[in-house]
Amino acid sequence: MNDELRSRIARWEEAVLKPALSKAAERRERFETASGTELKRVYTPTDREGTDYSGSLGMPGEWPYTRGVQPTMYRSRFWTMRQYAGFGSAEETNKRYRYLLDQGQTGLSVAFDLPTQMGFDSDHSMARGEVGKVGVAVSSLADMQTLMRGIPLDKVSTSMTINSTAAILLAMYCVVAENQGVDIRVLRGTVQNDVLKEYVARGTYIFPPRPSLRVTTDIIAWCARNVPKWNTVSVSGYHIREAGSTAVQEVAFTLADGLEYIKAAVQAGLDIDAFAPRLSFFFAAHSNILEEAAKFRAARRLWARLLRERWNASDKSCRLRFHTQTGGVTLTAQQPDNNVVRVAFQALAAVLGGTQSLHTNSRDEALSLPTRESVTIALRTQQIVAHETGVADSVDPLAGSYLVESLTDEIETQARSLIERIDEMGGAVPAIEQGFMQNAIADSAYRYQRQVDKGERIVVGVNRFTTEEKEPGGLLRVDPEYGIRRAKELAEYRKARDNTAVDKALSGLSQTAEGKDNIMPMVLGCVRAGATVGEISDALRSVFGRYQPVSRG
């Protein structure tokens, strides 16, 4: 059959293709994906012959999960529709959450401002000018209570994009739930808690990698015993892609970080099958629909194989479940309405790739925080994909596509090769300490920007099809005086609490950090005593120190 097919392809090239090319050349000499993988003119079943992946497609819900982690996927229920939101005060953000829930959103996704992410209270000198700018300002338990006011935490799944201070914000969330009368064992959600990618791509680190890995492991162990339905780490490729990586690097570096977390937890004495099922992943979706769908399929299969090869993990532990966010770096300030189209295609790619959860960016996010109108359009985009396009009516609808299957194979092969290089260095932490991932991403980002600048890669409205535009109006801005008001609120908060109890709790946390016991119970004690995010971070900084970034070699 394949000999007959090869003969047919040869006849087509001679009788049809060559005459066509003699009349009109193709648009480009080379066609490639966003990762630089060259695309053939035509794909056929022969493209998988002799590969390690022949016959590896499998069925949905079965190892190695190429076609999805559930046998019925969206025919049973749609992905969780989230909108990442957080700005200014806890009061303002709470109003946005309640509005989105009323509009049909099925889960919360919390954005914290930079001071909160980096362990500074809103009145710290390092927070000046940044309070509430790119997320909600949370310094105290009172702020978290306001943020979640009127939201039943036993009925809503909450994702928190927080890393270096993940232990503190998770503790606050749990105490708020207890104050609502909710047993924390029923809480559902995710704390990103992926601090390794902060050194690689994002920069909101506090401590050096090794003590940070200890904190991450403590969260994993504590949640396994106390909050069993909580996803303890969301290993984040999204920020790696936002920093300029290719799709292949996004898969490789993300999975390498995930392997490092598992290795650390196993070395700490945890049974892999007791915690690995609660790990989740977070990927970006860009506009090259077929490469992105193949990327998600390849990531699922590679993760399953790596966990089986290295730890003989159970099927449940091998299931790669992931949240997706459409690509922030793909949004343009020029002709911002075009972003609605970009986001729709990216959402489609994520669904075709089998995501479990999705956030769609708003059209104005290259200019400001999204307005209510923009965020509603973004949510409606997901709802249209779910209810009107038909792509959710059959599981893994692109399966069997010669191109998609070949891309899936190629991405897995290239990603595994990168992971093996990281293994040779001793794992993700040594690779980070040597600057390997950082330099690889920087090179990819530079190469992409050169292609855009030279017009080799077209960005509609930016380097082609440009127009004269007016200054956009109606953008959402955070009150510049908000930081001043926050400082006054925190001063009053500190006066009203029992500062002796706070000091005692913080001292106990520092002592625990100096040893090997799990820090989470002490963090909870600090939160209950009334300590702030900055104060708890300082107690840990005094023991762990601060990270100094690796200079590019």
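Structural notes, computed from the coordinates. Computed from a predicted model, the values in this text were never measured in an experiment.

Parameters and conventions
- Residues numbered from 1 in each chain as written.
- Predicted model: local features only at pLDDT ≥ 70, side-chain atom pairs only at ≥ 80, totals over all residues.
- Heavy atoms only, no water.
- Helix = DSSP H or I, 4+ residues; strand = E, 2+ residues; numbered from the N terminus.
- Rg over C-alpha atoms; globule rule 2.2 N^0.38 Å.
- Lys, Arg positive; Asp, Glu negative; His and termini not counted.
- Charge placed at Lys NZ, Arg CZ, Asp CG, Glu CD.
- Pairing = 2+ DSSP bridges.
- Contact = heavy atoms within 4.5 Å.
- Axes fitted to C-alpha atoms, helices over the stretch in contact; angles between N-to-C directions.
- Core = buried A, V, L, I, M, F, W, Y, C linked by side-chain atoms within 4.5 Å.
- Buried < 20%, exposed > 50% of the residue type's maximum accessible area, 1.4 Å probe, protein only.
- Salt bridge = Lys/Arg side-chain N within 4 Å of Asp/Glu carboxyl O.
- Parallel < 35°, antiparallel > 145°, perpendicular 65-115°, else oblique.
- Right-handed = clockwise from strand over helix to strand, strands pointing away.
- Disulfide = S-S within 2.5 Å.
- Left-handed = near helix turned anticlockwise from the far one by under 90°.
- Nonpolar A, V, L, I, M, F, W, Y, C, P; charged D, E, K, R; others polar.
- Polar contact = N/O pair within 3.5 Å; in protein donor to acceptor, adjacent residues only side chain to side chain.

**A few points about the overall build of the protein chain**
- Scanning the protein chain for helices and strands turns up 21 helices and nine strands.
- Against the globule reference of 24 Å for 553 residues, the protein chain gives a C-alpha radius of gyration of 24 Å, in line with a compact fold.
- Projected onto the principal axes, the alpha-carbon positions of the protein chain cover approximately 85 × 60 × 50 Å.
- The protein chain carries 68 positive and 67 negative side-chain charges, and their two centres are separated by 2 Å.

**What about the sheet that holds strand β2 (residues 107-111)?**
- Read from one edge to the other, the open sheet built from nine strands follows the order β5-β4-β3-β2-β1-β9-β8-β7-β6, with strand pairing classed as parallel. The outermost strands of the open sheet, each flanked by one partner alone, are β5 (230-231) and β6 (233-236).
- Direction of pairing for strand β3 (residues 157-161) relative to strand β4 (residues 189-191): parallel, over a ladder of three bridges. Pairing of Thr-158 across the sheet is with Gly-189, part of β4.
- Against the sheet, helix α11 (residues 289-311) contacts β7 (279-285) and β8 (322-326), and its axis sits at roughly 160 degrees relative to β7.

**Concerning the nonpolar core**
- Trp-79, Phe-253, Leu-255 and Met-437 are the most contacted members of the largest nonpolar core, which has 78 residues in total.
- Top element by residues in this core is helix α9 (residues 247-267). It accounts for eleven residues.
- Within the second largest apolar cluster, 61 residues are counted, among which are Tyr-97, Val-523, Ile-536 and Phe-544.

**Brief notes about the pattern of salt bridges**
- Counting across every chain of the model gives 36 salt bridges.
- Salt-bridge contacts for Arg-241 lead to Glu-292; the nearest nitrogen and oxygen are separated by 3.2 Å. With a gap of 51 residues between them, Arg-241 in helix α8 (residues 238-242) and Glu-292 in helix α11 connect regions that are remote in the sequence.
- Note on Arg-241: relative accessible area 4%, which makes it buried.
- The exposure class assigned to Glu-292 is buried, which follows from its relative accessible area of 0%.
- A salt bridge links Arg-301 to Glu-412; the nearest nitrogen and oxygen atoms lie 2.6 Å apart.

**Comments concerning the packing of helix α7 (residues 209-226) against α9**
- Packing of α7 against α9 leaves a shortest axis separation of 10 Å and a crossing angle of 75 degrees. The angle between the axes of α7 and α9 places the two elements in the roughly perpendicular class. Packed against α7, whose contacting residues are Leu-213, Thr-216 and Thr-217, the element α9 presents Glu-260, Tyr-261, Ala-264 and Ala-265 at the interface.

**What about the pairing of β2?**
- Counting buried residues in β2 gives five out of five residues, a clear majority hidden from the surface.
- Burial of β2 is two-sided: the residues Gly-107, Ser-109 and Ala-111 facing one way and the residues Leu-108 and Val-110 facing the other way are all buried.
- You can see the chain leave strand β1 (residues 80-85), run along helix α2 (residues 90-102) and come back into β2, and the turn it takes is right-handed.
- Pairing of β2 with β3 involves five bridges; the strand directions are parallel. Paired with Gly-107 across the two strands is Ser-157, which belongs to β3.

**Quick word on the environment of His-323**
- Residue placement: His-323 occurs in strand β8.
- You can call His-323 buried: its relative accessible area is 14%.
- Spatially, the C-alpha atoms of His-323 and Tyr-482 are 32 Å apart, while their sequence positions differ by 159 residues.
- In this structure, His-323 is in contact with Arg-82, Phe-281, Phe-282, Phe-283, Thr-355, Ser-357, Leu-358 and His-359, ignoring residues within four places of it in sequence.

**Looking at the state of the cysteines**
- According to the stated counting rule, one finds zero disulfides in the structure shown.
- Left unpaired, Cys-174 is separated from the closest cysteine sulfur, that of Cys-223, by 6.6 Å.
- The buried category is assigned to Cys-174, whose relative accessible area is 1%.
- For Cys-223, a relative accessible area of 1% gives the class buried.

**Regarding the packing of helix α19 (residues 499-514) against helix α20 (residues 520-529)**
- One can describe the packing of α19 onto α20 by two numbers: an axis separation of 9 Å at closest approach and a directional angle of 165 degrees. Between α19 and α20, the angle falls in the class roughly antiparallel. The hand of the α19/α20 crossing is left-handed. In contact with Ala-501, Val-502, Ala-505, Leu-506, Gly-508, Leu-509 and Thr-512 of α19, α20 contributes Met-522, Val-523, Gly-525, Cys-526 and Ala-529.
- For the contact of α19 with α20, the per-class residue count stands at nine nonpolar, three polar and no charged.

**Here we look at the pairing of β1**
- Counted residue by residue, β1 has five buried out of six residues, so it is predominantly covered.
- Bridging between β1 and strand β9 (residues 357-359) involves three bridges; their strand directions are parallel. Following the sheet pairing, Met-81 is matched in β9 by Leu-358.
- Summarising the sheet, β1 and β2 pair through four bridges and their orientation is parallel. Paired with Gln-83 across the strands is Leu-108, a residue of β2.

**Quick notes on the side chain of Thr-116**
- Looking at the secondary structure, you find Thr-116 in helix α3 (residues 114-117).
- Here the side chain of Thr-116 touches Asp-113 through a polar contact of 2.6 Å, side chain to side chain.
- Each residue touching Thr-116, except ones within four places of it in the same chain, is listed here: Val-136, Ala-137, Val-138, Ile-162, Thr-165, Leu-169 and Val-533.

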